[in-house]
Amino acid sequence: MSEPSQAAPRPGRPPRRPPISLRDARTRSVLWQAVAVAIACAIIVLVGIQTAANLKQRGITSGFDYLGRAAGFELPPGPVPYASRDSYARALVLGLANTLRVSLLGILIATALGVAIGVARLSTIWVFATISRLYVELVRNTPLMLQLLFWYALSQALPGPKEALNPLPGVYLCIRGLFLPGLVWHGIHPWVGGGMLGVGVLVPVALAITSDRWETAADESRARRLLAGGAVALVCVAVVLGSGFSVERPSLAVFNFRGGLSVSPEFAALLIGLSTYTAAFIAEIVRGGIVAVGRGQKEAAAALGLSRGRALRLVVLPQALRVIIPPTTSQFLNLAKNSSLAVAIGYSDVMSVTDATLNQTGQAVEAIALAICVYLGMNLIISFAMNLYNARVAAGPAWSQHA
Amino acid sequence: MDVRHCLLSSAVLVLSVYPTAAIPGQPARVPAVETRSHRGGETPTLDGVRRKGFVQCGVTTGVAGFSAPDAQGQWHGLDVDVCRAIAAAVLGDASKVRFTPLTAAQRFTALQSGEIDVLSRITTITFQRDVQLGIEFPAINWYDGTGFIVRKARHLKSVRDLDGATICLQPGTSNELDVADYFRKNNLRFTPVVIERLEEATNAYFAGRCDAFTQDQSTLAAVRARAPNPDDHVLLPEVISKAPFGPGVMPDDLRWMEIVRWSVYAMIDAEELGLSSRTIDQALASSGDPSVQQFVGTSGSFGQMLGLDSRWAFNIVKQVGNYAESFDRNVRPLGIERGINRLWKNGGIMYVPDVR
Amino acid sequence: MTPAPARLIDALRRAPMFRGRTNVIVTAVLGAGLAWLAFRFVNWALVNAIWTLPAGAGTAVCRAARADGACWAVITERWRFILVGVYPFSDQWRPAVACGLFVSLYMVSARRAWWRPWLLGLWLVVPAAAVALLRGGFLGLSSVPSDMWGGLPVTFILATVGFAAAIPPAVALALGRRSRLPALRVLSVGYIELIRGVPLVAFLFMAAIMFPLFVPQGFTLDKLLRAQIALVMVIAAYLAEVVRGGLQAVPRGQYEAAAGMGLSYWPTTILVVLPQAFRLTIPAVVNTFIAFFKDTALVAVIGLFDLLGAAKTVIVDQKWVGFGVEVYIFAALVYFVFCYAVSRYSQRLEKDLMAQGHH
């Protein structure tokens, strides 16, 4: 890059800047960027204009007003109360609640299952290792959609409500779903009871989470005593509240089972399919993470006299976590996105409700744009939460942060 | 980056974005909705049909009596005959039709996107579809209503007995909305099971996933005929809504809309005039009735007014038949009576303008 | 003890499942249970299975044996439909040849000795030839519109053409994301994160429903092409991340050496960086290919008939309703054979490249 030579600047005047020319790398970079932005803008503007023209010409209404109108269609019951006279916005909220429900449960189950299978893969017990390997290979090499359809087909092979399977008292399994005994509350006000229960649960959990801050043996025994106290408190609270709960068993009414908890076959198939599929990937990630921890660590732990289980828990896993968490984050995100396959088996998640809405209103652009925003939002939240956890793990335990 | 570079990049941006924004985004034709008397608007669908040499007809994925393929892949049904009538009128040959099977959820977007020329698919005409989706329904070719099919063994006498039941339904149908409204109005509750494809929904009903399946009465009759044991199932007596069916077209081609309308009317008019595929040749040759002459095209210039051959109605009746023939061929074998679909002078409500 | 049993016990004790005391116990306990399960499965799947139906008979004999034996008759009678959909019967050699073309393309691409520029040309020519063969309309081949294509050829086309067409945009996006120019970086990052944050199903819906709204009237593309375009756009974003990983892994020394030789940005990128980046990322690229090969199954939600869609349609038929398990096992086998083979290849490739890289 050559610059034209400059005469010595006259005193009191700023130096002359080189003229704009295509030889100048900066000018070229500015031009490249301007062209790229211009092309992107042109594409967006052209598509936007064409779309608006097409919508107008076909007489399709635009705008988000439809969200306030009554939806008119019924949806299977879910976490959010909804009836056909509620608005499309309400239906979308129900879809979102359903998506969150299956995603969060799926993440929990997939993680637990994935870690177990990943560890089993490395077990010295040949049967465990082989079964895990077969499981992982089988699940990873078939499409998720096929697995979902398989589980759904299995659920539809069950008998009808009158001939429902009754493996345990109060538990019924039939083509309409799984029906379990549920808890019904009729004691003190639910908020009070829930609050007490929350406190009784949160205190021991918080102590357990922060227990890695206890550095010395004295601290650790104090933590144990606190935990024990917390557990006792929890038991007391449970007994107090337990008097307010009663177990309601499902019973067969004219058509369906009434009462208790019901799990629809669509939800069950989606949850099982998503969890087993993601668990296989998490198992491989966990295995890779554990293998990545140097053999020296394992040998040192053995030399210290730690059993395999304790070595795993205290030495290997904390270090493996650093390697495991970023790819696991992306698996969680994949699970959340894969929950959209619910549209293929009739579970009312965000995608299904969007599909139903755009079929009834014809406003495809707005409906799909909303769905995209919802998924992007979920993406951001999960990434953010996992990044926080990752930062904490990457930083190391409390004692290593002093220096 | 200094001021001169800023100016340079802004200049590039403005020079390139401004022209694209100024392009008046091509709707490719002006909607001809200003006056009804002129016939100078463009006719994209009609031109497309003439250029392709066939009519692309959107139908169901297989509902006996209305649109279903046989073992050789030939389509038959009341709605199929509407499409064949349009082809006979426009192209002179009722076999120049291609069929696109569509689910209830796919049908409107297929029409709106131009994938099909006409939607003849047991589509209920509703305010929302006419106004919000912007689809035009030029004529009604079947009057029906939403009903329920249940197992006979349940001994249900009316829809009110379905309180608390599980009901299979399809998304994107008017039945879905009718059921929700009816149950809400009568303080009944039900659990919906939403399945998109008709065959899967009926299989779910037969397997016992739901206690009842809701669809239009005529579709339910076809479903019952397909059952492993048709006698195990019965249609509930109540028809909880009105469901007029008719072919649907996009509003940007008025001429095409009129052709579709008058193709349907022609078949009904032919029955009223007593013309059938067997008798129309003779009527063409020797009828003295002025109405018949105007219909078959020996007098008047109705075909030319539509931009079609003067034998347009003759071709329809000769190649496809009149409404009664179409019904007898397709729907009667399912055990469905004509009911209110009879001609007005026979006690029904089929009352259409004459070709005059 | 006589020598032979002693040798036998010795050999057994060395077998992996009996090494060590815990192993022996677990194998004995679980092994018995697993063997029993395997026995029942083999009974169901092979011994009591019904392989064909007598001509013209219904499926009553299959339904009667429902719990005892699998009804593989659904496969023997409907395998053509599952594999090629509603393609005209007399022309079904064409989809078979097209599938053969794709499989040979993959096998040729697998040999590292043949990783030359002409391989890129092959990746352009072979999919085009397969599509042309399916479409017909020349040399006396009857014309078959794309809405009659189905089954395995559709899966291969969507995956292969999608992947091949996505590589140039993916490279461009990866370079853009690593660019010093902020505008390019922002555009690339925006596109990649937007696409990766949204499920593929949403894009397929957009392609099927919204695409016609984006283009002038009269400009229609058939549904397969629309789905293909959506897939290309999505694969490009995911592949861009993989390529970016490869670009990051190229040692800085390479950039510095190229600069020292006086190469500016584009020559450096094309001649020095990209070839090395490709070599490093090929296992990841192959894994991405497997993932999207499986994801082509999603086109069933917009009404296209790939392998899974065709399989699903078989059991919707009144005759075969309820035999989903057999049909899905068959489809799973097809997917598994292909994906497992490719993933083994990718693992071996990764090992080879690692070994080579350490020289």
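This one's a predicted model, so the numbers in the text were calculated from it and none came from an experiment.

Q: An account of the pairing of strand E2 (residues 171–174) of chain A is requested, with residue identities and associated values reported.
A: Residue and element names in this part refer to chain A. As paired elements, strand E1 (residues 165–168) and E2 share two bridges and run antiparallel to each other. What sits directly across from Leu 168, in E2, is Val 171. Turn length for the E1-E2 hairpin, with the two strands adjacent in sequence and antiparallel, is two residues, and the turn residue Gly 170 shows positive phi of about 85°. Sheet analysis places E2 next to strand E3 (residues 177–180), joined by three bridges and oriented antiparallel. Among the inter-strand pairings, Tyr 172 is bridged to a residue of E3, identified as Phe 179. Hairpin connection between E2 and E3: a loop of two residues separates the two successive antiparallel strands.

Q: Explain the nonpolar core residue by residue, including any values.
A: Of all hydrophobic cores here, the largest spans 167 residues; its most connected members are A:Phe73 and A:Met145. Apart from the residues within four sequence positions on either side, A:Met145 is in contact with A:Leu341, A:Ala344, C:Ala297, C:Leu298, C:Ala300, C:Val301 and C:Leu308. Among the nonpolar cores identified, the runner-up in size contains 78 residues, and B:Val49, B:Phe206, B:Val223 and B:Val260 belong to it.

Q: Quick rundown of the sheet that holds strand E8 (residues 165–169) of chain B? Include the residues and the values.
A: All names here are of chain B. Read across the sheet, five strands follow the order E9-E8-E10-E7-E11 without closing on themselves; strand pairing throughout is mixed. A strand with exactly one partner marks an edge of an open sheet, and here the two such strands are strand E9 (190–194) and strand E11 (233–235). Averaged over all neighbouring strand pairs, the angle between strand axes comes to 30°, with direction disregarded. Against the sheet, helix H6 (residues 174–185) contacts strand E7 (146–151), E8, E9 and strand E10 (212–216), and its axis sits at roughly 80° relative to E7.

Q: Tell me about the packing of aromatic side chains, and please be specific about residues and values.
A: Tallied over the full model, the rule gives 35 aromatic pairs over all chains. Site record: aromatic cluster; members linked through ring pairs are C:Phe102, C:Tyr106, C:Trp123, C:Phe156, C:Phe163, C:Phe289, C:Phe293, C:Tyr335 and C:Phe338. Against the face of A:Phe267 rests A:Arg101, its NZ or CZ located 4.6 Å from the ring centre. Above the ring of B:Phe327, the side-chain terminus of B:Arg338 is found at 5.7 Å from the ring centroid.

Q: Describe the environment of A:Arg90, naming the residues involved and giving the relevant values.
A: Residues and elements named next belong to chain A. Here Arg 90 lies in helix H2 (residues 88–121). Separated by 22 residues in the primary sequence, Arg 90 and Gly 68 place their C-alpha atoms 8.7 Å from one another. Sequence-distant contacts of Arg 90, defined by excluding residues within four places in its chain, comprise Val 80, Pro 81 and Tyr 82.

Q: Explain the state of the cysteines to me, using residue names and the numbers behind them.
A: Under the defined criterion, the tally for this structure stands at three disulfides over all chains. With its sulfur 1.9 Å from that of its partner, B:Cys168 forms a disulfide with B:Cys210. Its S-S torsion of approximately -100° makes the covalent link between B:Cys168 and B:Cys210 left-handed. Of this pair, B:Cys168 sits in strand E8 while B:Cys210 sits in the loop between helix H7 (198–207) and E10; the two residues are 42 residues apart in sequence, bridging distant segments of the chain. Here B:Cys168 matches B:Cys210 in class, with each residue buried. Each sulfur of the disulfide joining C:Cys62 and C:Cys71 lies 1.9 Å from the other.

Q: Give a detailed account of the interface of chain A and chain B, specifying residues and quantitative values.
A: Listed as interface residues are 54 residues of chain A and, on the opposing side, 55 residues of chain B. Of the roughly 4,600 Å² buried between chain A and chain B on both sides combined, carbon and sulfur atoms contribute 55%. When the buried surface of chain A facing chain B is broken down by residue, A:Gln57, A:Phe255 and A:Gln360 rank first, second and third, together holding 17% of it. Inspection of the chain A/chain B interface yields two salt bridges. A salt bridge links A:Glu266 to B:Arg209; its shortest N-O distance comes to 3.0 Å. Secondary structure elements with two or more residues in the side of chain A that touches chain B: helix H1 (25–58), helix H7 (265–292) and helix H11 (350–361) of chain A. When its residues are assigned to classes, the side of chain A that touches chain B shows 27 nonpolar, 15 polar and 12 charged.

Q: Describe in detail the interface of chain C and chain A, supporting the description with residues and values.
A: Every contact between the two is made by 48 residues of chain C and, on the other side, 48 residues of chain A. Summed over both partners, the interface of chain C with chain A buries about 4,400 Å², with 76% contributed by carbon and sulfur atoms. The interface formed by chain C and chain A holds zero salt bridges in total. At the boundary of chain C and chain A, one finds seven residue pairs in polar contact (both at pLDDT 80 or more). Across the side of chain C that touches chain A, the residue classes tally to 39 nonpolar, five polar and four charged.

Q: Would you mind going over the packing of helix H9 (residues 254–273) of chain B against helix H13 (residues 312–319) of chain B in detail, with residue names and values included?
A: Residues and elements named next belong to chain B. Two numbers describe how H9 lies on H13: the axes approach to 10 Å, and their chain directions differ by 65°. As H9 runs across H13, the sense of the crossing is right-handed. In contact with Trp 262, Ser 263, Ala 266, Met 267 and Ala 270 of H9, H13 contributes Trp 312, Ala 313, Ile 316 and Val 317. Taken together, the residues of the contact of H9 with H13 break down into eight nonpolar, one polar and no charged.

Q: Explain the environment of C:Arg344 to me, and be specific about the residues and the numbers.
A: On the secondary structure map, C:Arg344 appears in helix H14 (residues 324–357). Taking the C-alpha atoms as reference points, C:Arg344 and C:Val285, separated by 59 residues in sequence, lie 14 Å from one another.

Q: Summarise the pattern of salt bridges; cite the residues concerned and give the values.
A: Using the criterion set out here, one finds 26 salt bridges over all chains in the structure. For A:Asp86, the salt bridge identified is with A:Arg90, shortest N-O distance 3.4 Å. Note on A:Arg90: relative accessible area 33%, which makes it partly exposed. The residue B:Glu271 makes a salt bridge to B:Arg338 at a minimum N-O spacing of 3.0 Å. Of this pair, B:Glu271 sits in helix H9 while B:Arg338 sits in the segment after helix H14 (323–330); the two residues are 67 residues apart in sequence, bridging distant segments of the chain. The class of B:Arg338 is buried, set by a relative accessible area of 9%. Look at the salt bridges and you will find they share partners, linking C:Arg177, C:Glu193, C:Glu241 and C:Arg244 into a network.

Reading the values: the criteria
Residues numbered from 1 in each chain as written. Chains lettered and ligands numbered in written order. Predicted model: local features only at pLDDT ≥ 70, side-chain atom pairs only at ≥ 80, totals over all residues. Heavy atoms only, no water. Pairing = 2+ DSSP bridges. Helix = DSSP H or I, 4+ residues; strand = E, 2+ residues; numbered from the N terminus. Core = buried A, V, L, I, M, F, W, Y, C linked by side-chain atoms within 4.5 Å. Buried < 20%, exposed > 50% of the residue type's maximum accessible area, 1.4 Å probe, protein only. Contact = heavy atoms within 4.5 Å. Axes fitted to C-alpha atoms, helices over the stretch in contact; angles between N-to-C directions. Phe/Tyr/Trp six-rings, centres within 6.5 Å; stacked < 30°, edge-to-face > 60°. Lys NZ or Arg CZ within 6 Å of the ring centre and 35° of its normal. Disulfide = S-S within 2.5 Å. Buried area = accessible area lost by both parts, 1.4 Å probe. Salt bridge = Lys/Arg side-chain N within 4 Å of Asp/Glu carboxyl O. Nonpolar A, V, L, I, M, F, W, Y, C, P; charged D, E, K, R; others polar. Polar contact = N/O pair within 3.5 Å; in protein donor to acceptor, adjacent residues only side chain to side chain. Left-handed = near helix turned anticlockwise from the far one by under 90°.

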